[in-house]
Amino acid sequence: NNQGAEQEKTTAPIKLENYVPSLPGEIQQTLPQNILPGTTIGQMQTPSVIAPSGNSGGNNPPFTGAEMALITANYADTRPLVYNDDTYTPSCSALVKGTMDYIIQESEAYNKEYGEQVYFYELSSGVKVVRDDVKLIPRQEMGDNRLSVISSQSENGTLKIKLGTSWKIPYTISFAPQSYYSQHGTKFNITNFTSDYIQLTFHHTVAADGNIDISGSNVVSGATWNISSSDKKVHLYMPLRAFGEYYGCSVEYDEYGYMVITVHNKPQTLSGSVILLDPGHGGKDPGALGYDGAVEECDINLAVAYYTKQALEQRGAIVYSTRGGDTMLELEDRKAIARSLKPDYFISVHSNGSENKSMIGTATYYYKPFSKKLAANIYEEMLSVFKGYLYSGQPSVYDSISDGAPYYPFSVTRLDECPSVLIETGFVTNNDECYKLIQPQNQQLLGEAIAKGIEKTILY
């Protein structure tokens, strides 16, 4: 990580009236109705609070061995059983509401993200879920699941597969082959997204009937079932048409109880693409503080997102924002908006903070391997602004401002549905860098850089 740097001191006084520019209109384009409980057409209202996982032991009675798990969260994050802590891995997928699984045992671990002890149910599919995301129901032997293809069709390059299931079984979305390495204290950094195919694994399943028509998909070139009877798993292999070209997969249940798998299309141009911006923090959560509390990160995030929206719309993109003013959104609310809207890209805009006041620089983080390309492209454009404008003529700090595009399991990047990244524009806690970040002309440059990074991801 950034080691800090000696810099030329800014002599101009801080002008607080400039640190949130007078915006000519709402940053937020009206979200579709009912995209999140509590939202309506028109001015976005504060969403109904979806409690973040990991903050308590939950309201369930003690597990006795006579119960099984029913997922009650809209999407429940999972962790692998191979780690006895709260480690997330990109090979785990969130489980959709209604999923059922057998419980092996209870466990607990410390969650660094929330700074609290977390209580889990460990499931027979090889993952664990937070107790708050689960309802205990009487254990019953569900029997071996069987899948059947009800329909498969493509529209505008997006493939939709409808499956009949005996019951709502756990599943995993993964990629192969893909190599990882350790860096920045994390285990799942990658150089590039190198997978040739995506794999959906259905647990407690012994059969799959029916062919999948992929002829209209712009992303996958085939669909093959592989049945592993010994461990009761069925795998669906879907090779990618082009190396590194994959844009997410959704799993839902429709009103008839069918499992619907959507392999999302690759955007062809930025014009017409749907982008969801997520200005971090807001309301009672100001984020990092600069100038002894006089500057709040949430305002810088909103301003940079505003200029990003401008730059994207000038290129013809359709742009939404999770918030349009100084409002509070839970992390799960932000992801819920993304899953409902189904954008082509999800961009969370933040500014960094550290107890080390000398820390400076920018970074863009990813979690899922297929988000790496987007993170790297945005980071390169952001770094160009730092070198060419914010720190022009100061080559001695170039190593310090370059934090790269590393892996980190931020909550808002843990999406299977689309490429998603979290940007740290700079350090609010460094007075000199904070002063640069509150200048509208610099905010505009950073917004333009984000737009260029997205466009580069589509075109190259």
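These numbers come from a predicted model, not from an experiment.

Participant: How would you explain the packing of aromatic side chains if you had to name every residue and give the values?
Facilitator: For any two aromatic rings, the description comes down to two numbers: the centre-to-centre distance and the angle of the planes. All told, the structure shown has 19 aromatic pairs when counted by the stated rule. Ring centres of Y306 and Y307 lie 5.1 Å apart, and the angle between their planes is 70°; on these two criteria the pair is classed as edge-to-face. Overall, Y306 belongs to the buried group, its relative accessible area being 8%. Members of the aromatic cluster, joined through ring pairs, are Y180, F188, Y366, Y367 and Y407. One residue, K128, lies across the ring of F120, its end atom 4.8 Å from the ring centre. Here the basic side chain of R339 rests over the ring of Y75, its NZ or CZ set 4.3 Å away from the ring centre.

Participant: Could you give an account of the pattern of salt bridges, with specific residues and numbers?
Facilitator: Tallied over the full model, the rule gives 18 salt bridges. Among the salt bridges present, the one from R131 reaches E106, with a minimum N-O distance of 3.1 Å. Note that R131 is positioned in the loop between β7 (127–130) and β8 (134–138) and E106 in strand β5 (residues 100–111), a separation of 25 residues in sequence. On the basis of relative accessibility, which here comes to 16%, the residue R131 falls in the buried class. A salt bridge links E313 to K309; its shortest N-O distance comes to 2.9 Å. Taken as a pair, E313 and K309 lie in helix α1 (residues 297–314) at a separation of four residues, close to a single helical turn. Judged by relative accessible area, which is 32%, E313 ranks as partly exposed. Salt bridges linked by common partners bring D77, E332, K335 and R414 together as one network.

Participant: Now, about helix α3 (residues 372–390): what can you tell me, with residues and values included?
Facilitator: Taking 1.5 Å as the rise per residue, α3 with 19 residues should run 27 Å; its terminal C-alpha atoms sit 25 Å apart, in good agreement. Inspection of α3 places K372, L374, A375, N377, I378, Y379, E381, M382, L383, V385, F386 and L390 among the buried residues, and these make up the whole buried set. Looking at the buried side of α3, the elements it contacts are β24 (345–352), β25 (363–365), β26 (420–427), α4 (431–437) and α5 (440–459).

Participant: Describe the packing of α3 against α5, and please don't skip the residues or the numbers.
Facilitator: Packed helix pairs are characterised by how far apart their axes lie and by the angle those axes make with each other. Where α3 contacts α5, the two axes come as close as 8 Å, and the packing angle between them is 145°. For the element pair α3 and α5, the recorded crossing hand is right-handed. For the pair formed by α3 and α5, the contact residues are K373, L374, N377, I378, E380, E381, M382, V385, F386, Y389 and L390 on the first element and N442, L445, L446, A449, I450, K452, G453, I454, K456 and T457 on the second. Tallied by class, residues from the contact of α3 with α5 come to 12 nonpolar, four polar and five charged.

Participant: I'd like to hear about the environment of P80, residue by residue, with values.
Facilitator: Checked against the element boundaries, P80 lands in strand β3 (residues 78–80). Other than its neighbours up to four places away in sequence, P80 contacts T87, T89, C92, G126, V127 and K128.

Participant: I'd like a rundown of the sheet that holds strand β11 (residues 171–176), residues and numbers included.
Facilitator: Across the sheet, four strands lie side by side as β11-β14-β17-β16; this open sheet has antiparallel pairing. Single-partner strands in this sheet number two, and they are β11 and β16 (224–228). Adjacent strand axes in the sheet meet at a mean angle of 20° when their direction is disregarded. As paired elements, β16 and strand β17 (residues 233–239) share five bridges and run antiparallel to each other. Among the inter-strand pairings, S228 is bridged to a residue of β17, identified as K233.

Conventions used here
- Residues numbered from 1 in each chain as written.
- Predicted model: local features only at pLDDT ≥ 70, side-chain atom pairs only at ≥ 80, totals over all residues.
- Heavy atoms only, no water.
- Phe/Tyr/Trp six-rings, centres within 6.5 Å; stacked < 30°, edge-to-face > 60°.
- Buried < 20%, exposed > 50% of the residue type's maximum accessible area, 1.4 Å probe, protein only.
- Lys NZ or Arg CZ within 6 Å of the ring centre and 35° of its normal.
- Salt bridge = Lys/Arg side-chain N within 4 Å of Asp/Glu carboxyl O.
- Helix = DSSP H or I, 4+ residues; strand = E, 2+ residues; numbered from the N terminus.
- Expected span 1.5 Å × (residues − 1).
- Contact = heavy atoms within 4.5 Å.
- Axes fitted to C-alpha atoms, helices over the stretch in contact; angles between N-to-C directions.
- Left-handed = near helix turned anticlockwise from the far one by under 90°.
- Nonpolar A, V, L, I, M, F, W, Y, C, P; charged D, E, K, R; others polar.
- Pairing = 2+ DSSP bridges.

By themselves, these figures tell us nothing about what the structure is for.
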